[in-house]
Amino acid sequence: MTRAGETDLRTAFRQLAGGGVGGLEIVWRELAHPLHNYAFALTRDQDEADDILSETLAKLPGIGWRLRWVRNPKAYLFAIVRNAARSRTRRARSEATEDSGREPTSPDGSGAALIRAAVLDLPEEQREVVVLHIWGGLTFEEIGRTMGVPTNTAASRYRYALLKLRPALREGDDER
Amino acid sequence: MNGDDLKRRLAATSLSSPSITLDQVRQRATVGVRSRRPFGIARLAFVTAVVWVMVWVAQVAVDRSMDGIVPVSQLAGQSTLRPSGIAQRRQLLQELMADGGWSEVGARAQQGVAPSPPVGDGVRQGRSSQTRLRRWS
């Protein structure tokens with residue numbers, strides 16, 4: 001996201017702090033896709049990701065004046081998505097008694113699908129860092145704060161993730 | 001393929017895309033705001049009322065517990081003994097004086113003679129009454 005985008009987000013948050021829904025358009029334009037990617041990476045479910053995105057953005061006008069004090073709107077929104085996904089995962093875990101987890105992703109053979117499947121098959125903490133850094137545009141410091149881990153931990157998780165993704169990306173190249 | 005290439009390749013691949021629209025989100029937000037505001041005001045009014053009632057009850061309880069207690073400022077210069085207690089002690093003293101025991105002790109003391117030795121403790125502890133008498137004289 002550009003610096004102009006960040007300024008736009010601050011403007012949007014100021015508008016939303018007033019209780020109106022006017023600022024939602026800017027947030028949607030700037031972050032709908034990255035937020036959805038993140039929600040999808042956490043839940044691996046399109047419907048859940050849609051719902052989390054909708055819930056996150058719809059929640060903003062209700063937060064009201066407190067939005068004025070948010071220093072980093074982008075990191076704040078990713079944190080909301082993270083919390084929403086976490087609480088859904090916890091709920092799903094407690095409801096499903098015999099659910100042994102989600103099915104491993106099965107790529108349809110195209111290069112993009114292979115890469116997507118490789119990302120979704122990463123361990124959760126590495127997946128989160130990759131998605132936040134590459135699609136979310138967050139720095140490692142911001143990622144660390146969002147995930148509650150030191151900056152160096154976030155950076156090393158990213159490096160390990162790239163090592164695991166390298167073969168899939170090569171295969172993806174071959175498929176082109 | 002170096003790190004930057006990897007990053008570019010990944011960024012070019014879309015992980016997912018939302019299948020909802022901005023209008024749907026806006027609608028959900030509007031409903032949320034409408035339903036939240038009256039509840040917020042009602043909640044504030046309820047909390048205020050509860051706090052007010054709690055303060056009132058506490059104040060009444062403190063007032064009740066103070067009933068019958070004389071402030072310390074009004075006790076200044078007064079004896080802490082009750083009048084009935086003073087009368088009892090005075091009566092006891094008068095009875096002691098009347099039986100002659102105390103007057104005898106006083107008289108002997110003036111003459112430098114020891115009073116009659118006590119019976120009991122001194123004997124049991126093995127001290128003779130003579131020793132005790134010597135000490136008194």
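## Remarks on the overall build of chain A
- Each helix and strand counted, chain A has eight helices and zero strands in total.
- Secondary structure of chain A in N-to-C order comes out as α-α-α-α-α-α-α-α.
- A buried classification covers 39% of the 176 residues belonging to chain A.
- Excluding contacts between residues fewer than 6 apart, the proportion of contacts in chain A whose partners are at least 24 apart in sequence is 65%.

## Structural notes on unusual backbone geometry
All names here are of chain A.
- Positive phi values are uncommon outside glycine, yet Arg44 reaches one of about 55 degrees.
- Turning to its location among the elements, Arg44 is positioned in the loop between α2 (24-43) and α3 (46-63).
- Owing to 18 C-beta atoms within 10 Å, Arg44 belongs among the partly exposed residues under this scheme.

## Here's the deal with the interface of chain B and chain A
- Facing 24 residues of chain B, the contacting portion of chain A comprises 33 residues.
- Of all the secondary structure elements, the ones that give two or more residues to the side of chain B that touches chain A are α1 (3-12) and α2 (22-65) of chain B.
- At 10 residues, the largest contribution of residues to the side of chain B that touches chain A is made by α2 of chain B.
- Classifying every residue of the side of chain B that touches chain A by side-chain character gives 11 nonpolar, eight polar and five charged.

## Description of the confidence of the model for chain B
Residue and element names in this part refer to chain B.
- Summarising the model, chain B shows a mean pLDDT of 71, and 52% of its residues fall at 70 or more.
- When pLDDT is averaged over each helix and strand of chain B, the minimum, 48, is found for helix α5 (residues 121-124) and the maximum, 83, for α2.
- The ipTM assigned to the predicted complex is 0.76, against a pTM of 0.62.

## Here we look at the packing of helix α4 (residues 73-95) of chain A against helix α7 (residues 140-147) of chain A
All names here are of chain A.
- Closest axis-to-axis distance for the α4/α7 pair is 10 Å, and the angle between their directions is 35 degrees. α7 is crossed by α4, and the crossing has right-handed handedness. Facing α4, whose interface residues are Ala75, Phe78, Ala79 and Arg82, α7 presents Glu142, Arg145 and Thr146.
- Class assignment for the residues of the contact of α4 with α7 results in three nonpolar, one polar and three charged.

## Observations regarding α3 of chain A
Residue and element names in this part refer to chain A.
- Here α3 contains 18 residues, and its C-alpha end-to-end distance of 26 Å stays within 8% of the 26 Å for a straight helix at 1.5 Å per residue.
- All of the buried residues in α3 are Ala49, Ile52, Leu53, Ser54, Thr56, Leu57, Ala58, Leu60 and Pro61.
- Looking one or two places after α3, you find Gly64, whose phi comes out positive at around 70 degrees.

## A closer look at the nonpolar core
- Residues Tyr38, Ala39 and Val81 of chain A are the most contacted members of the largest nonpolar core, which totals 50 residues.
- In contact with Val81 of chain A, not counting residues within four places along its chain, are Leu35, Tyr38, Ala39, Ile52 and Thr56 of chain A.

## A few points about the environment of Pro34 of chain A
Residues and elements named next belong to chain A.
- Among the secondary structure elements, Pro34 is positioned in helix α2.
- Taking C-alpha positions, Pro34 is 10.0 Å from Leu53, a pair spaced 19 residues apart along the chain.
- Other than its neighbours up to four places away in sequence, Pro34 contacts Trp135, Gly136 and Gly137.

Parameters at a glance
Residues numbered from 1 in each chain as written. Chains lettered and ligands numbered in written order. Predicted model: local features only at pLDDT ≥ 70, side-chain atom pairs only at ≥ 80, totals over all residues. Helix = DSSP H or I, 4+ residues; strand = E, 2+ residues; numbered from the N terminus. Buried ≥ 20, exposed ≤ 12 C-beta atoms within 10 Å, placed from the backbone. Contact = placed C-beta atoms within 7 Å. Nonpolar A, V, L, I, M, F, W, Y, C, P; charged D, E, K, R; others polar. pLDDT = per-residue confidence, 0-100. Axes fitted to C-alpha atoms, helices over the stretch in contact; angles between N-to-C directions. Left-handed = near helix turned anticlockwise from the far one by under 90°. Expected span 1.5 Å × (residues − 1). Core = buried A, V, L, I, M, F, W, Y, C linked by C-beta atoms within 7 Å.

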